[in-house]
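Each chain is listed here by its residues.
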Amino acid sequence: MTRVVVIGAGVGGLTTAALLARTGLDVTVLEAHIYPGGCAGTFYHQGYRFDAGATLAGGFYAGGPLDLLAQAVGITLWPAHAADPAMVVHLPDGTSVTRWSGEGRWAERRAAFGSESGSFWRWQERTADALWGLALNNPPWPPQTAGDAANLARKGLAWLGDDLRAQLNPGLALDVVRPVAAHLRGVSKRLRLFVDAQLLIAAQTTSPHANALYGAAALDLPRRGVVHLKGGMGTIGETLAEAVRQNGGQVLYRQEANRIVLERGRPVAVETERGKSFPADTVVANLPPWNIAPLLGDGSPRRLRSLPPRPRDGWGAFMVYVGLDGSAIPTDLALHHQVVVQEPLAEGNTVFLSLSPGWDGERAPAGQRALTLSTHTRLEPWWDLYERDQPAYQARKDAYTERMLAAAQLALPHVRDAATLILPGTPVTFQRFTRRAWGWVGGFPQTNLFRAWGPRLAPGLWMVGDSIFPGQSTAAVALGGLRVAVALLAEAGLQRRRTTQL
């Protein structure tokens, strides 16, 4: 029986593990932490369950990524509650834009951005429909073998045949190489800033740089529906971990991998910090490239050996976890908010807020609510100060905390008075608890369609997570995990017990 070791119990790794276990393979997931989910995990602190990083859950609609995942691995029900609106975006001029999923979104956009914005949104939705139609077929992008290229051509032709709108949209070809900004010429500054802020959280970059195709699909998450999960985002990982076990695999915690053992260029085992060795015919690393390279040492493939010491672009996250007196929160308040203070975006000038639902008694002590605040931040300043000037590091941390709370007041005016717990975290903190090197999160900024890595790193060695297509978000990494499982099985000449749309 083929032995598969998956390193990391994030959503991508657990997805791959659950599907492989369902086909009868011997699957072991090794997780350094005490709970699953990775950046989409939920941690306990003083009676609260805080979402560690990712706080926005989408893709649960019928035929969507998490629905396909559930069908593939045998999950009968996600503990998900639909949310509409998805979020409210607060702009510097005082405008608040509610992101509805239904037809009301058109009236909201006209009111906020004028009727002339309609052409942009029609382009965005038409293009997103076409791209999601292709992405849900799990195309092998970027192709790494002749088989991948043939499979990509087959899926692309099927997609064109099924989606007449794609055939009638010649702009798709141009959008392969141009940015979202090409569709924002002549629009209001308000619309451009709104799109930039939304792209920053969905594509890790702004409209002058975000690829038009990827950007259109990334902007579509609110329209496709957002949910709240009982118990927090970590429920996704917990549900997947249980699916792995139900399908015959195992998930082991407190087992941090420190070496992938290679023989003749192929993995044969994974060793952990606790001195255990797990035999493997195939290894799937649910890790960023900067974490995988040290595990392989001198045996790393060329692309991993050529990595710069730190990521040259992309982001870290500065987080503030807040416990709140629930009486300070209006009952009809949306649970997700993006506050744009000013440009340039990031570094506390744009802050994302996520509140635990009032109906979810698992997330906070009685009468309290859990709030997660996040902003994009550059990695280098935090690490430079942490390594050479601890007082300056702490001062910067305190200043960012105050800046974040000030921004949060635009959505929650009484947040400071209602706060009973304030817990900040920097990229250094994020590395400590998620093990992601340097605290680099969100994957590569989607500036072109070739930013994502192919999942095959070497014979018997695969990568999943937000570094492969289709990139960040729980929905995207779930699709990536399904893709890797199907590709791994096909390459090994194995057949799945069940057929799905994948």
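Check the entry above for the structure.
Residues numbered from 1 in each chain as written. Predicted model: local features only at pLDDT ≥ 70, side-chain atom pairs only at ≥ 80, totals over all residues. Heavy atoms only, no water.

Trainee: Explain the nonpolar core to me, please; I cannot follow it from the model alone.
Mentor: The nonpolar side chains of soluble globular proteins are, as a tendency, buried together. Among the nonpolar cores identified, the biggest contains 97 residues, and Trp78, Leu324, Leu353, Leu371 and Leu373 are the most heavily contacted of them. If you tally residues by element for this core, the top one is helix α18 (residues 474–491), at 9 residues. In contact with Leu371, other than residues within four places in its own chain, are Phe50, Val320, Tyr321, Val322, Leu324, Leu353, Ser354, Leu355, Leu412 and Val415. Among the nonpolar cores identified, the runner-up in size contains 34 residues, and Ala86, Phe194, Ala202 and Ala210 belong to it. (Core = buried A, V, L, I, M, F, W, Y, C linked by side-chain atoms within 4.5 Å. Buried < 20%, exposed > 50% of the residue type's maximum accessible area, 1.4 Å probe, protein only. Helix = DSSP H or I, 4+ residues; strand = E, 2+ residues; numbered from the N terminus. Contact = heavy atoms within 4.5 Å.)

Trainee: What am I meant to see in the pattern of salt bridges here?
Mentor: Close approach of charged atoms allows side chains with opposite charge to pair. Going through the model one piece at a time under the given rule, you end up with 27 salt bridges. Arg190 serves as the salt-bridge partner of Asp93, at 2.9 Å between the closest nitrogen and oxygen. Placement of the pair is Asp93 in the loop between β7 (87–90) and β8 (96–99) and Arg190 in helix α8 (residues 189–203), with a sequence separation of 97 residues. A relative accessible area of 48% places Asp93 in the partly exposed class. Given the relative accessible area of 30%, Arg190 is considered partly exposed. Here Arg223 ties to Glu125 by a salt bridge, and the two come within 3.7 Å at their closest N and O atoms. Of the two residues, Arg223 sits in helix α10 (residues 221–224) while Glu125 sits in helix α4 (residues 118–135), which places them 98 residues apart along the sequence. Neither residue differs from the other here; Arg223 and Glu125 are each classed as buried. (Salt bridge = Lys/Arg side-chain N within 4 Å of Asp/Glu carboxyl O.)

Trainee: Is there a simple way to explain the sheet that holds strand β11 (residues 257–263) in this structure?
Mentor: Note: strands within a sheet are paired through backbone hydrogen bonds, in either parallel or antiparallel orientation. On the basis of which strands lie adjacent, the open sheet formed by 3 strands has the order β11-β12-β13 and antiparallel pairing. The sheet is open, and its two edges are formed by β11 and β13 (277–279), each paired on a single side. Sheet twist, expressed as the mean angle between neighbouring strand axes with direction ignored, is 25 degrees. In terms of strand pairing, strand β12 (residues 266–272) meets β13 through 3 bridges, oriented antiparallel. Its bridge partner lying in β13, Ala269 is registered against Pro279. (Pairing = 2+ DSSP bridges. Axes fitted to C-alpha atoms, helices over the stretch in contact; angles between N-to-C directions.)

Trainee: Before we go on, may I ask you to explain the sheet that holds strand β6 (residues 80–83) in this structure?
Mentor: Spatial ordering of the open sheet is given by β5-β9-β6, a layout of 3 strands whose pairing is antiparallel. Of all strands in the sheet, those with a lone pairing partner are β5 (57–58) and β6, marking the two edges. In this structure, β5 lies alongside strand β9 (residues 226–229), joined through 2 bridges in antiparallel fashion. Opposite Gly58, over in β9, you have Val226 as the bridge partner.

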